[in-house]
Amino acid sequence: MSASSAMKNKFAFLYPFSAIVLWSGNVIVSRMSAHTIGPEAITFYRLLLAVLLMSTFVAGGAWRDRAVIWPHLGQFAILGFLAMCLFQSLSYLAAESTTATNMAVFTALTPLLTVALSALLLKDAPTIGMVGGGILSLLGLVYLVSAGDPASLAQSGVHLGDPLMFLAALVYALYGVLLKRWSLPVAGWQSTYTQALCALAIMFPAFLATPAPMRSLNADTLPLIAYAGGLASVVLPFLWVRGVHILGPNRCAVFMNLLPVLTALGAIVLLGEPVHAYHVIGGGAALAGVACAEIFRRPLRGAPAAMLREQ
């Protein structure tokens, strides 16, 4: 290995780490957008900006490959709707009634939910880590959303933002499963670009239905849109994909556990959100459950033989 290659691999962790830093910033932006701009409006604007930016270096290749893309346009539209419309809109809506720290913890559950959905939809064998980690994460989430008093859930329930954020994480997990199942012939930037174009068209009617005051561009909303559409929608995917290419998906997935930590730090500094003991205990247990699903991959003994043969 050459000296330059060794140096490149030595600092390769900066790709996924920087991506998670930007992702934590995106959670903060989501929280800052609450009651400032409508969820549908900021989702549409970020898509519009991302498409304009990607068009400068992707549009030509996508047009040349249009004969390959066109037969799968319906699948690209479904993927774009899930990841770029529904996930983002649910996240912005959840931000109106939950904290940035809670949002980050739920988002960090995506790898665990992906494993669970793969077992259901792709017939992947359920593993010891998936079952044990799922139970541990569930207990951690109950402790988190109840502010350290699970018994209070029976009386006061939960903030609407927490189940909305769980649904958003589930939607993104489904996106990952479908992406793997369909194995579309176009990947990388062209895939992201096509999904974004489809998502932009899907969001347009919702954008028009948003009341004018909640979709206005001003000094408060423009910086949020610039971050979401530029850094979070273009730079972040580049850094993450680059990290996966060098380090592999499993090593990069570990960095997801940093999302709640970095988001909590940002929320303290920028939003003045306090971090309590139940955030540390409940969020820590939820993340430990995600780690268990990643580490303990031995199939359960009770898994159907047909499912085991498919592995």
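Above this text you will find the structure in question.
The sections below set out a description of the structure shown in this document. Given the structure is predicted, the values throughout are model-derived calculations rather than measurements.

## Details of the packing of aromatic side chains
For the structure shown, the criterion picks out nine aromatic pairs. Ring centres of F44 and F204 lie 5.8 Å apart, and the angle between their planes is 40°; on these two criteria the pair is classed as tilted. Note that F44 is positioned in helix α3 (residues 39–64) and F204 in helix α11 (residues 188–209), a separation of 160 residues in sequence. By relative accessible area, F204 is classed as partly exposed at 39%. Taking the centre distance of 4.4 Å and the plane angle of 20° together, the rings of F44 and F207 count as stacked. Linking F44 in helix α3 with F207 in helix α11, this pair joins segments that are 163 residues apart in sequence. A residue is classified by how much of its surface remains accessible, and F44, at 9% relative accessible area, is buried. With a relative accessible area of 8%, F207 lands in the buried category. Against the face of W63 rests R66, its NZ or CZ located 4.1 Å from the ring centre.

## Thoughts on the environment of K180
Summarising the element assignment, K180 is placed in helix α10 (residues 161–182). In this structure, the C-alpha to C-alpha distance between K180 and L271, residues 91 residues apart in sequence, is 37 Å. Once residues lying within four places of it in the same chain are set aside, the contact partners of K180 are L122 and D124.

## Quick word on unusual backbone geometry
At H35, a residue that is not glycine, the phi angle is positive and equals roughly 70°. With respect to the helices and strands, H35 occurs in the loop between α2 (14–33) and α3. Unlike most non-glycine residues, S183 shows phi in positive territory, near 45°. Within the secondary structure, S183 is located in the loop between α10 and α11. Here S183 falls in the exposed class, since its relative accessible area comes to 54%.

## Some remarks on α2
An α-helix turns once every 3.6 residues. As a result, residues three or four positions apart point the same way. For α2, which comprises 20 residues, the first-to-last C-alpha distance of 28 Å matches the rise-based estimate of 28 Å (1.5 Å per residue) to within 8%. Of the residues trailing α2, H35 is marked for its positive phi of about 70°.

## Looking at the nonpolar core
Counting residues in each nonpolar core, the largest one holds 77 residues, and the members touching the most others are W23, Y45, L47, M54, L109, L141 and M165. For M165, the contacting residues outside a window of four places in its chain are F87, S91, A94, M103, F106 and T107.

## Let's talk about a nonpolar patch on the surface
A cluster of nonpolar side chains, namely M32, V261, L265, I268, V269, L270, L271, V275, V280 and I281, defines an oily patch on the protein surface of about 900 Å² accessible area. Taken together, the elements giving at least two residues each to the nonpolar patch come down to α14 (258–271) and α15 (277–295). Here the nonpolar patch gets six residues from one element, more than from any other, and that element is α14. Structurally, V280 can be placed in helix α15.

## Description of the packing of α2 against helix α12 (residues 221–247)
Each pair of packed helices can be summarised by the angle the axes make with each other and by the distance between the axes. Between α2 and α12, the shortest axis-to-axis distance is 8 Å and the interhelical angle comes to 155°. With respect to each other, α2 and α12 are oriented roughly antiparallel. Considering the relative orientation of α2 and α12, their crossing is left-handed. Taken together, the residues that form the contact of α2 with α12 break down as 20 nonpolar, five polar and one charged.

## Considerations on the environment of P260
Secondary-structure assignment places P260 in helix α14. Residue P260 is classed as buried on the basis of its relative accessible area, which comes to 7%. Taking C-alpha positions, P260 is 9.3 Å from G284, a pair spaced 24 residues apart along the chain. Among residues more than four places away in sequence, those in contact with P260 are A104, V105, A108 and L287.

## Looking at α15
The terminal C-alpha atoms of α15, which comprises 19 residues, lie 26 Å apart, in line with the 27 Å expected from a rise of 1.5 Å per residue. Next to the buried residues of α15 lie α6 (100–107), α7 (110–121), α8 (128–145) and α14.

Procedures and definitions
Per-chain numbering applies: the sequence of each chain, read as written, is numbered from 1 onward. pLDDT decides what is reported in this predicted model: residues at 70 or higher carry local features, side-chain atom pairs at 80 or more are listed and counted, and totals for whole chains, interfaces and linings draw on all residues regardless. The basis for the side-chain values is all heavy atoms of the structure; hydrogens and waters are excluded. Ring pairs shown here join Phe, Tyr and Trp side chains whose ring centres sit within 6.5 Å, with only the six-membered ring taken for Trp; geometry is labelled stacked below 30 degrees between planes, edge-to-face above 60, and tilted in between. Strands here are runs of E lasting at least two residues and helices are runs of H or I lasting at least four, both read from the DSSP assignment and numbered beginning at the N terminus. Working definition: with a 1.4 Å probe on protein chains only, accessible area under 20% of the residue-type maximum means buried, over 50% means exposed, and in between means partly exposed. Lysine NZ or arginine CZ positioned within 6 Å of the ring centre and within 35 degrees of the ring normal marks a charge as sitting over the ring. Here a residue-residue contact requires only that any non-hydrogen atoms of the pair lie within 4.5 Å. One less than the number of residues in a helix, times 1.5 Å, gives the span that helix is expected to have. Take the buried Ala, Val, Leu, Ile, Met, Phe, Trp, Tyr and Cys residues and link them wherever side-chain atoms come within 4.5 Å; each set so joined is a nonpolar core. Exposure above 30% relative accessible area and no salt bridge define the residues that can form patches, which grow by joining like charges within 9 Å and nonpolar side chains of Val, Leu, Ile, Met, Phe, Trp and Tyr within 5 Å. For the accessible areas, the method is Shrake-Rupley and the probe is 1.4 Å, while residue cover comes only from the protein chains on display. By definition here, a salt bridge exists when the distance from a side-chain nitrogen of Lys or Arg to a carboxyl oxygen of Asp or Glu is within 4 Å. Structural elements are reduced to axes, namely lines fitted to C-alpha atoms, with helices fitted over the stretch in contact, and the angle between N-to-C directions of any two is expressed from 0 to 180 degrees. Here roughly perpendicular refers to angles of 65 to 115 degrees, roughly parallel to angles under 35, roughly antiparallel to angles over 145, and oblique to all remaining angles. Left-handed describes a crossing whose near helix is turned anticlockwise from the far helix by less than a right angle; the clockwise case is right-handed. When residues are sorted by character, Ala, Val, Leu, Ile, Met, Phe, Trp, Tyr, Cys and Pro go into the nonpolar class, Asp, Glu, Lys and Arg into the charged class, and all the rest, Gly among them, into the polar class.

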